Amino acid sequence: MAAAGWLIVAALVGPLAVSIGQSGSTMQAKNNLFLHLGLAAALWLVRSWWLRAGVAWAWATFFLSGMYGWAFIGVLGVLAWALVFQASSTLTSTWWRRVQLGITSAALFQMVWMAVQARGGGQRFWFVTWMPLDYYARPLPAAPIPVTGWFSNPMDAGLFMAMSLPALWAVHPLLILPALVALVVLGSSAALLVTFGFLLWQAFTRSWRWGVGMLAPLGLGGLAFWWYVDPQGLGYRPFIWTIGSRLIEHRPMGYGINSLDYRVVIEGSGGRYNFLLSDWLQWTFETGAIGLILAACFAGMLAWRAWRAWPEGREHIAPAFMLLGLSLISIPFRIGPVAFLGALYLGRLYAETCAATADADRWWRDEWRGTHPVPGLYPEFSTAAANPTTCMFWRIT
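Since this is a predicted model, take the numbers as computed values, not measurements.

Engineer: Please explain the nonpolar core as it appears in this structure.
Structural biologist: The tendency in soluble globular proteins is for nonpolar side chains to be buried side by side. With 67 residues, the main nonpolar core has L51, W81, F85, M163 and I257 as its most contacted residues. Filtering out sequence-adjacent residues up to four positions away, F85 remains in contact with S48, L51, F298, A343, L346, G347 and Y350. Core analysis: the second largest hydrophobic core is formed by eleven residues, V264, I266, L277 and L281 among them.

Engineer: In this structure, what is going on with the confidence of the model for the protein chain? I would like to understand it.
Structural biologist: Fine structural detail should not be taken from predicted coordinates in areas where pLDDT scores are low. Mean pLDDT over the protein chain: 77, with 70% of residues reaching 70 or higher. Low pLDDT, under 50, characterises residues 359-397; the predicted model gives this stretch 44 contacts beyond four residues in sequence or across chains.

Engineer: So what exactly am I meant to see when it comes to the packing of helix 6 (residues 154-171) against helix 7 (residues 176-186) here?
Structural biologist: When two helices pack together, you describe them by how their axes are tilted relative to each other and by the distance separating the axes. Here helix 6 crosses helix 7 at 165°, and the two axes come no closer than 10 Å. Here helix 7 runs roughly antiparallel to helix 6, going by the angle between their axes. In the packing of helix 6 onto helix 7, the handedness of the crossing is left-handed. When helix 6 is examined against helix 7, the residues P154, A157, G158, M161, A162, L165, L168 and W169 are found in contact with a partner set consisting of I176, A179, L183 and L186. Tallied by class, the residues present in the contact of helix 6 with helix 7 amount to eleven nonpolar, one polar and no charged.

Engineer: Looking at this structure, I do not really get the environment of F109. What am I missing?
Structural biologist: Along the chain, the position of F109 falls in helix 5 (residues 93-118). Assessed through its relative accessible area of 35%, F109 is described here as partly exposed. Here the alpha-carbon distance between F109 and G149, two residues 40 residues apart in the chain, equals 8.4 Å.

Engineer: What am I meant to see in the pattern of salt bridges here?
Structural biologist: Under the counting rule described, the total for this entry stands at three salt bridges. In this structure, R334 and E286 form a salt bridge, with 3.1 Å as the shortest nitrogen-oxygen distance. With R334 in the loop between helix 12 (317-329) and helix 13 (336-369) and E286 in helix 11 (residues 279-309), this pair connects stretches of sequence that are 48 residues apart. Given the relative accessible area of 25%, R334 is considered partly exposed. Between R348 and E352 there is a salt bridge, and its shortest N-O distance comes to 3.5 Å.

Engineer: Sorry, what's going on with the packing of aromatic side chains here?
Structural biologist: The description of an aromatic ring pair rests on the distance of the ring centres and on the angle between the ring planes. Within this structure, the stated rule accounts for 16 aromatic pairs. Ring centres 5.9 Å apart and planes at 15° place the aromatic pair W81 and F85 in the stacked group. Taken as a pair, W81 and F85 lie in helix 4 (residues 70-89) at a separation of four residues, close to a single helical turn. Considering the side-chain rings of W201 and F321, the 6.5 Å spacing of their centres and the 45° angle between planes classify their relative orientation as tilted. Here W201, found in helix 8 (residues 189-206), pairs with F321, found in helix 12; they are 120 residues apart in sequence, far enough to count as distant. Through pairs of rings, three or more aromatic residues link up here, namely W81, F85, F298, F333 and Y350.

Engineer: Would you mind showing me how to read a nonpolar patch on the surface here?
Structural biologist: Judged by side-chain polarity, I8, V9, L12 and V13 come together as a nonpolar surface patch covering roughly 350 Å² of accessible area. On the secondary structure map, I8 appears in helix 1 (residues 2-13).

The rules behind the values
Residues numbered from 1 in each chain as written. Predicted model: local features only at pLDDT ≥ 70, side-chain atom pairs only at ≥ 80, totals over all residues. Heavy atoms only, no water. Core = buried A, V, L, I, M, F, W, Y, C linked by side-chain atoms within 4.5 Å. Buried < 20%, exposed > 50% of the residue type's maximum accessible area, 1.4 Å probe, protein only. Contact = heavy atoms within 4.5 Å. pLDDT = per-residue confidence, 0-100. Axes fitted to C-alpha atoms, helices over the stretch in contact; angles between N-to-C directions. Helix = DSSP H or I, 4+ residues; strand = E, 2+ residues; numbered from the N terminus. Parallel < 35°, antiparallel > 145°, perpendicular 65-115°, else oblique. Left-handed = near helix turned anticlockwise from the far one by under 90°. Nonpolar A, V, L, I, M, F, W, Y, C, P; charged D, E, K, R; others polar. Salt bridge = Lys/Arg side-chain N within 4 Å of Asp/Glu carboxyl O. Phe/Tyr/Trp six-rings, centres within 6.5 Å; stacked < 30°, edge-to-face > 60°. Patch = residues over 30% accessible without salt bridge, like charges linked within 9 Å, V, L, I, M, F, W, Y side chains within 5 Å. Areas by Shrake-Rupley, 256 points an atom, 1.4 Å probe, with all protein chains shown as cover.

Below, the structure written as structure tokens:
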């Protein structure tokens, strides 16, 4: 019904679009409005109200910021993430297994390509040519080919490899061994940090003895890495976090989606910073306090469902925590393949905890109303256990 109402509004408003000022034309204005109205209809496909509200607010910042063009790419990215989340939540167990096999194949390809690069190859693959670049994307012909797989830098490759670990483990636990070697070679501190957390989760899930036994080797391994491989540690993160926080204080309502490095430019000794190296911080910078609250409510809704549905969905809690950890100290949602994996994992967590909490949700609504479901008036969740994807639908009996 809500989607039908939106289509009625779109049919009424679409022909009324006009250009403002001297630039553009009325025809182009109507085409642009059709683009927004048509894409906004996809919001009704997303069943999580918190996610739907977050996407809608990100869309609103596009208009409030006065930025167009590049900012709209950011809106499309947020909408694409929400649709992948929704698509993942509707998969059956069989199809989710196939998706895991696809993630595993992609990760194994990255490992093989890194091995080729480590042996001095990988400069050319069919029509693709690799060449090292400096910070300003200028070619460096004399520099060796970096071992980064099919990514442009070690951080992006490391985050993708780390977020692939849950799928690798699900297919076969031994597959994470070459992935761990690849992660050490890539040297991403954020990726290795969440990798240690993932291994501890798997160990404690098996038994507390395994978990305690893994603490010492993982702790020593982490110290050795940060002492010998990554002496820079946090690097310039504290600096960029401080600058981002001050900018947010200056404008709590946000600067608009994709505004960093376009509407607001941050320069330092290392050059221009187009990321704040914290997705939570950058999301707040772009969408303001309202966007932060909506994102926190969405995360809280997932956590609440996972807690009530335990042990249902246990397989997807580890990747959810990994994504949370990465988003605090890095930018997993700004790297397309990593954001895609995050949407897949969270979508599965939402789906598998949905059926388990359906009965509790029904009981809570009954208690709040002080009555019991009346056929034809209230939501009916009797089929939720058999089909988790129907959990968020209102079905009239």
